[in-house]
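Analysis of the macromolecular model
So the chains spell out like this:
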Amino acid sequence: MTTDETDLKIMLRGGNSTAALMLGMCYVSGSEGYKKDLDLGLKYLKVAAELCHPEALHIMTQLLDGGKYGDLKIKENLSEHIRYLRMLCGATRVVDFNSLNNGKDTQKFERYAWQAYATLGRLYVLLDTLNNLSLGLAMSHRGADVGHMTESYFALGMYYGSIEQYETSCMYLEAAANNDNSYWANEARKLYNKVVLD
């Protein structure tokens, strides 16, 4: 795809989410002859996300959870983070991933969507303000089914602990703890050890 600013803006007028993504990426990085402009970059990344581009949705979920994209960092915002995660979960139903970048990124985009299920499941289970344990349970099972086991197993362990099914809770926490060396595995290990050793 071209990186010419005028061409991309013309394509964007036609609703091309990839054009919005490219504009955002070029402004954030200052690459392809663009002057670095983080505000303009964020504006176009948001446009691409609103057009349901999975890469832009993924970038926005990372930013809204305290992450960075290049030099771009924004204030954490839980409600917007959840909104973009939900959009990313639904992206598989509204966007043909094979039509983006000639299908080269289809598997990556699918991983983003499945990761969104796991993260949303964990958030719904762990955050009292959301009051939606059953949805967290369903999304955590979905996340585990498609391969995002550690975070999903951790959330499932927390869910079953919250309803006082401690044996099932320990089973999921142990599975998360033994799955890998990620942040969620370490958190599961600490909690499992606390429950079992106390």
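Look above for the structure.
Figured I'd write up the structure that's included with this text. (Residues numbered from 1 in each chain as written. Predicted model: local features only at pLDDT ≥ 70, side-chain atom pairs only at ≥ 80, totals over all residues. Heavy atoms only, no water.)

A few words on unusual backbone geometry. Even without being glycine, E32 reaches a positive phi, approximately 55°. Residue position: E32 is located in the loop between α2 (17–29) and α3 (38–50). In the Ramachandran plot, C52 falls in the positive-phi region, its phi being about 70° despite a non-glycine side chain. (Helix = DSSP H or I, 4+ residues; strand = E, 2+ residues; numbered from the N terminus.)

Inspection of the entire model under this criterion finds eight salt bridges. When the shortest N-O distance is used, the salt bridge between E187 and K190 registers 3.0 Å. Here the residue E187 and the residue K190 both occupy positions in helix α10 (residues 183–197), the gap between them amounting to three residues, near one helical turn. By relative accessible area, K190 is classed as exposed at 52%. A single salt-bridge network, built from bridges that share partners, covers E50, E80 and R83. (Salt bridge = Lys/Arg side-chain N within 4 Å of Asp/Glu carboxyl O. Buried < 20%, exposed > 50% of the residue type's maximum accessible area, 1.4 Å probe, protein only.)

Let us look at the nonpolar core. L57 and M60 are the most contacted members of the largest nonpolar core, which has 44 residues in total. Secondary-structure elements contributing two or more residues to this core are α1 (5–13), α2, α3, α4 (54–64), α5 (78–94) and α6 (106–126). Discounting chain neighbours no more than four positions away, the residues touching M60 are L42, L45, K46, A49, I74 and Y84. (Core = buried A, V, L, I, M, F, W, Y, C linked by side-chain atoms within 4.5 Å. Contact = heavy atoms within 4.5 Å.)

At the N-terminal end of α1, a side-chain oxygen is found 3.3 Å from the backbone nitrogen of T6, two or three residues along, and the residue is D4. G15, located one to two residues past α1, shows a positive phi value of around 85°. (Polar contact = N/O pair within 3.5 Å; in protein donor to acceptor, adjacent residues only side chain to side chain.)

Before going further, it helps to spend a moment on a nonpolar patch on the surface. The grouping of V195, V196 and L197 at the surface amounts to a nonpolar patch, some 280 Å² of accessible area in total. With respect to the helices and strands, L197 occurs in helix α10. A residue is classified by how much of its surface remains accessible, and L197, at 68% relative accessible area, is exposed. (Patch = residues over 30% accessible without salt bridge, like charges linked within 9 Å, V, L, I, M, F, W, Y side chains within 5 Å. Areas by Shrake-Rupley, 256 points an atom, 1.4 Å probe, with all protein chains shown as cover.)

The subject of this paragraph is the layout of surface pockets. In this structure, the largest pocket encloses a volume near 270 Å³. Along the wall of the largest pocket there are 15 residues; nearest its centre are T18, M22, H53, N101 and D105. Of all the secondary-structure elements, those providing two or more residues to the lining of the largest pocket are α2 and α6. Per-element tally for the lining of the largest pocket: the top contributor is α2, with four residues. Counted by class, the lining of the largest pocket contains six nonpolar, five polar and four charged residues. (1 Å grid on protein atoms, 1.4 Å probe; cavity = no way out; pocket = protein on both sides within 12 Å on 5 of 7 lines; lining within 4 Å. Points joined across faces, edges and corners; volume = space filled by probe spheres on them. Nonpolar A, V, L, I, M, F, W, Y, C, P; charged D, E, K, R; others polar.)

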